[in-house]
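One letter stands for each residue in the lines below.
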Amino acid sequence: MLRFARSIVAVAAMATPLSAQSQARDIMADQAMATITEQDFATKLAALAHDSTRGRETPSPELARATEWVALQFGRAGLNPAGDDGGYLQAFRLRQERLDSLSTLTVTAAGATSSWALGKELVYVGGGYPAELADVPVVLAIGIPEDGTPVFADTPIGGAAILHVIGPDKLSGRFLNPMLQEASRGGAVAHIVASEIPAELWEEVRPASYRSRWQVVGVPDGDTERRLGSYAIQLRTAGDVLRTVGEDPTTLLTPGSTRVRRLDGVRLSLTPHHTTVQEPEIANVVGVLVGSDPELRHEAVVFTGHIDHVGTMAGRCRPSGVLPADSICNGADDNASGTVGVIELAEAFASLEARPARTLVFAAVTAEERGLCGSRFYVEHPVIPIERTVAEINLDMIARNPPDTVGFVGKDYTSLGAVVDRVLAEHPELGLVAAEHEGRYGASDHFPFVLRGVPALFFFSGEHEDLHTAADNPERADAEQAARIVRLAFLVGLDVANAAERPTWDEEAWRSMQ
């Protein structure tokens, strides 16, 4: 009897004109989208970015409570739990490690060995976190061209460490950043500046070498932005190495002199050493709506937004001239706004009478500010395998866009950008124009997905003066426009979840990710 009833329903559906089916779907979508309101957004934003959450630092009791609050919202929305033990929380451990003075850089030349200790003869300036290097070749670069011409054009530097001798007048980002970018593009593995560094500057940067990093326990280590590590030594420290290869340190800083050469027989090794500071347990919040299509339900569209922020003035929070007495970085835009957006999307999709074809995964992740840790854990422990994750839609700072704009970084890196453009054209009532905002494409939670080949869409309002300061408060957020942006994300997600074809990468953009 049940089989017969299902057959009747199937025949009735087949008999319904396609235009009527399409109209019904549009009505249901409009009804679902109508649940995303300014009032709902503002209320949730005020709760998550309240002073009582104390900036949701990782780790902290306040972040744990905020995580539980998000799990409660997922439960109220009706999502299926997709965390541990039948719940919404996907727990994982972080490890905070600090570089210490046992870290060394060793250079061998003509049988002689020079060893430089971190925080003593060697300082870590920044860029990619120090990784172990074993017996790599060395390229000597002297000076910086005044006309901006490429330095390494005629010298292969792939897999090599750059020992770069420059004058103290060039010790600034204006001169060094283009060099670092060129060295990184060329495949260099380290950049070591040798200069006559003023004593006061040396004493300022030397203790800062003992940087911390946060790792996800059990997940392979990796620099999320694959940046080149940058170091500095005093020129006199490199004197023995330079003299061994026939260079006189006292004559290398002739104004305007530039040259590059590979140092045959010179090898470099870097051995970082760390002390474990703490190893806390934190959690993502993950919920699912199973797709309706018998085949496509085995594929997923993932929505992410990070819950955590930077805490209070006792930690990483910066003061604000707008609110000088405030000591809490509430992170309303960064990223309570994106987290609330994910919750609103979950509620809207759960209200649909007819579920999308593909499965929808809603992941409010943590420890983004510690290095995309929550999203890195998720891609290693996905609800649906990453190779069947067809798209990732990431909401990170959506409440401070310029009026009537919706910001992205790298919108057209994938075919998802064309979906955005089409949806905006079909829905002028959203009152939004797409804009490309300043920001690093690799700096948010879509990027671990990107590194696994998943096409991603990065909603981002652009960097503003309140970022990571005590002025990023709910009252400075535009909840009305943010709600419109979430409606756009809903329509884009619905389109992708029902489309016959998977989103694709722009070939040039994808090559740049390799």
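Think of each chain on its own: its residues are numbered from 1, step by step along the sequence as written. Local features in this predicted model are restricted to residues of pLDDT 70 or higher, and side-chain atom pairs are both shown and tallied only at a pLDDT of 80 or more, whereas totals for entire chains, interfaces and linings draw on every residue. Computation of side-chain values: all heavy atoms of the structure, hydrogens and water removed.

Draft legend 1. Spatial organisation of the state of the cysteines. Throughout, disulfides are identified as pairs of cysteine sulfur atoms within 2.5 Å of each other. Inspection of the entire model under this criterion finds one disulfide. With a sulfur-sulfur separation of 2.0 Å, Cys-317 is cross-linked through a disulfide to Cys-329. Between Cys-317 and Cys-329, the disulfide has an S-S torsion of 80 degrees and is therefore right-handed. Linking Cys-317 in the loop between strand S14 (300-306) and helix H8 (332-350) with Cys-329 in the loop between S14 and H8, this pair joins segments that are twelve residues apart in sequence. Exposure class is identical for Cys-317 and Cys-329. Each is buried. Of all cysteine sulfurs, the one in Cys-329 lies closest to Cys-373, which takes part in no disulfide; the gap is 19 Å. By definition, any uninterrupted DSSP run of H or I lasting at least four residues is a helix, any uninterrupted run of E lasting at least two residues is a strand, and each is numbered from the N terminus. Whether a residue is buried, partly exposed or exposed follows from its accessible area with a 1.4 Å probe, protein chains only, as a fraction of its type maximum: under 20%, in between, or over 50%, in that order.

Draft legend 2. Just the pairing of strand S19 (residues 456-459), in detail. Of the two faces of S19, both are covered, the one formed by Ala-456 and Phe-458 as well as the one formed by Leu-457 and Phe-459. Paired strands, as defined in this entry, are two strands with at least two bridges between them according to DSSP. Direction of pairing for strand S16 (residues 389-395) relative to S19: parallel, over a ladder of four bridges. What sits directly across from Asn-394, in S19, is Phe-458.

Draft legend 3. Expanded view of helix H4 (residues 61-77). Between its first and last C-alpha, H4 extends 25 Å over 17 residues, near the 24 Å set by a 1.5 Å rise per residue. Any pair of residues with heavy atoms lying within 4.5 Å of one another is described as a contacting pair. Contacts from the buried residues of H4 go to helix H3 (38-48), strand S2 (89-99), strand S13 (281-289), H8 and strand S15 (359-365). Taken from the residues just after H4, Gly-78 is the one with a positive phi, measuring 95 degrees. Multiplying one less than the number of residues by 1.5 Å gives the expected span of a helix.

Draft legend 4. Geometry of the nonpolar core. Among the nonpolar cores identified, the biggest contains 67 residues, and Phe-74, Phe-349, Phe-362, Phe-459, Leu-488 and Phe-490 are the most heavily contacted of them. In terms of residue count, helix H12 (residues 479-498) provides more of this core than any other element does, 13 residues in total. Excluding residues that lie within four positions of it along the chain, Phe-349 makes contacts with Leu-289, Phe-303, Arg-355, Pro-356, Leu-360, Phe-362, Phe-490, Gly-493 and Leu-494. What we call a nonpolar core is a set of buried Ala, Val, Leu, Ile, Met, Phe, Trp, Tyr and Cys residues that are connected through their side-chain atoms within 4.5 Å. By size, the runner-up hydrophobic cluster in this structure holds 31 residues, among which are Ala-109, Leu-140, Ala-238 and Val-266.

Draft legend 5. Seen up close, the pattern of salt bridges. The term salt bridge refers to a side-chain nitrogen of Lys or Arg lying within 4 Å of a carboxyl oxygen of Asp or Glu. Applying the stated criterion across every chain, the model contains 25 salt bridges. Among the salt bridges present, the one from Glu-299 reaches Arg-358, with a minimum N-O distance of 2.7 Å. Taken as a pair, Glu-299 in the loop between S13 and S14 and Arg-358 in the loop between H8 and S15 lie far apart in primary sequence, 59 residues in all. The class for Glu-299 is buried, based on a relative accessible area of 14%.

Draft legend 6. Fine view of unusual backbone geometry. Between Thr-58 and the following residue, Pro-59, the backbone shows a cis peptide bond with an omega angle of -10 degrees. In this structure, Pro-59 sits in the loop between H3 and H4. Of note, the bond from Asp-334 into Asn-335 is cis; its omega dihedral lies within 30 degrees of zero at -5 degrees. Note that Asn-335 resides in helix H8. Located in the positive-phi region is Ala-367, a residue other than glycine, with phi close to 60 degrees. Here Ala-367 is to be found in the loop between S15 and helix H9 (373-380). Even without a glycine there, the phi angle at Asp-404 is positive, about 60 degrees. Of note, Asp-404 is situated in the loop between S16 and strand S17 (405-408).

Draft legend 7. Broad picture of the environment of Gly-83. Turning to its location among the elements, Gly-83 is positioned in the loop between strand S1 (80-81) and S2. By relative accessible area, which is 23% here, Gly-83 ends up partly exposed. Considered as a pair, Gly-83 and Ile-393 are 310 residues apart in the sequence and their alpha carbons are 20 Å apart. Setting aside chain neighbours within four positions, we find Gly-83 in contact with Tyr-88, Leu-89, Gln-90 and Val-286.

Draft legend 8. Seen up close, the sheet that holds strand S8 (residues 190-195). In spatial order, the strands read S4-S3-S11-S6-S7-S8-S10-S5; together these eight strands make up an open sheet with mixed pairing. With one partner strand each, in any of the chains shown, strand S4 (112-117) and strand S5 (122-127) form the two edges of the open sheet. The average undirected angle you get between the axes of adjacent strands in this sheet is 30 degrees. Between the N-to-C directions of two axes lies an angle of 0 to 180 degrees, each axis being a line fitted to C-alpha atoms and, for a helix, fitted only over the stretch in contact. Across the sheet, helix H5 (residues 173-185) is in contact with strand S7 (161-165), S8 and strand S10 (229-234); its angle to S8 comes to roughly 145 degrees.

Draft legend 9. Seen up close, the side chain of Glu-369. Here Glu-369 lies in the loop between S15 and H9. We score Asp and Glu as negative and Lys and Arg as positive, and we do not count His or the chain ends. Although Glu-369 lies buried, it forms no salt bridge, and the closest oppositely charged side chain, Arg-316, sits 5.1 Å away as judged by the N-O distance. Those residues in contact with Glu-369 that lie beyond four places of it in its chain are His-306, Asp-308, His-309, Val-310, Arg-316, Asp-334 and His-468.

Draft legend 10. The arrangement of the packing of H4 against H8 in detail. At a minimum axis distance of 9 Å, the contact between H4 and H8 shows a crossing angle of 15 degrees. With respect to H8, the element H4 is oriented roughly parallel. Remark: the crossing between H4 and H8 carries right-handed chirality. Residues Trp-69, Val-70, Gln-73, Phe-74 and Ala-77 of H4 lie in contact with H8, whose contacting residues are Thr-339, Val-342, Ile-343, Ala-346, Glu-347 and Ala-350. Here the contact of H4 with H8 is built from residues that sort into eight nonpolar, two polar and one charged. Roughly parallel here means an angle under 35 degrees, roughly antiparallel means over 145, roughly perpendicular means 65 to 115, and every remaining angle is called oblique. We call a crossing left-handed when the near helix sits turned anticlockwise from the far one by less than a right angle, and right-handed when that turn is clockwise. Polarity classes work like this: nonpolar for Ala, Val, Leu, Ile, Met, Phe, Trp, Tyr, Cys and Pro, charged for Asp, Glu, Lys and Arg, and polar for all others, with Gly in that last group.

Draft legend 11. View of the side chain of Glu-57. Topologically, Glu-57 is positioned in the loop between H3 and H4. Assessed through its relative accessible area of 14%, Glu-57 is described here as buried. Only 2.5 Å separates the side chain of Glu-57 from the side chain of Arg-316, close enough to count as a polar contact. Distance and chemistry together define a polar contact, namely a pair of N or O atoms within 3.5 Å, with one atom able to donate a hydrogen and the other to accept it when in protein, and with adjacent residues in sequence counting only for side-chain atoms on both sides. In this structure the side chain of Glu-57 is engaged in a polar contact, spanning 3.4 Å, whose partner is the side chain of Arg-370. What Glu-57 contacts, discounting residues up to four positions off in sequence, is Leu-63, His-309, Val-310, Gly-311, Arg-316 and Arg-370.

Draft legend 12. Quick peek at the environment of Arg-502. Relative to the helices and strands, Arg-502 resides in the loop between H12 and helix H13 (507-513). Sequence-wise, Arg-502 and Leu-416 are 86 residues apart; in three dimensions their C-alpha atoms are separated by 9.8 Å. If we skip the residues at most four places from it in the chain, Arg-502 touches Glu-299, Arg-358, Glu-387, Arg-388, Thr-389 and Val-390. At a separation of 3.1 Å, a polar atom in the side chain of Arg-502 contacts the main-chain carbonyl oxygen of Glu-387.

Bear in mind that shape data such as this cannot, by itself, settle questions of function.
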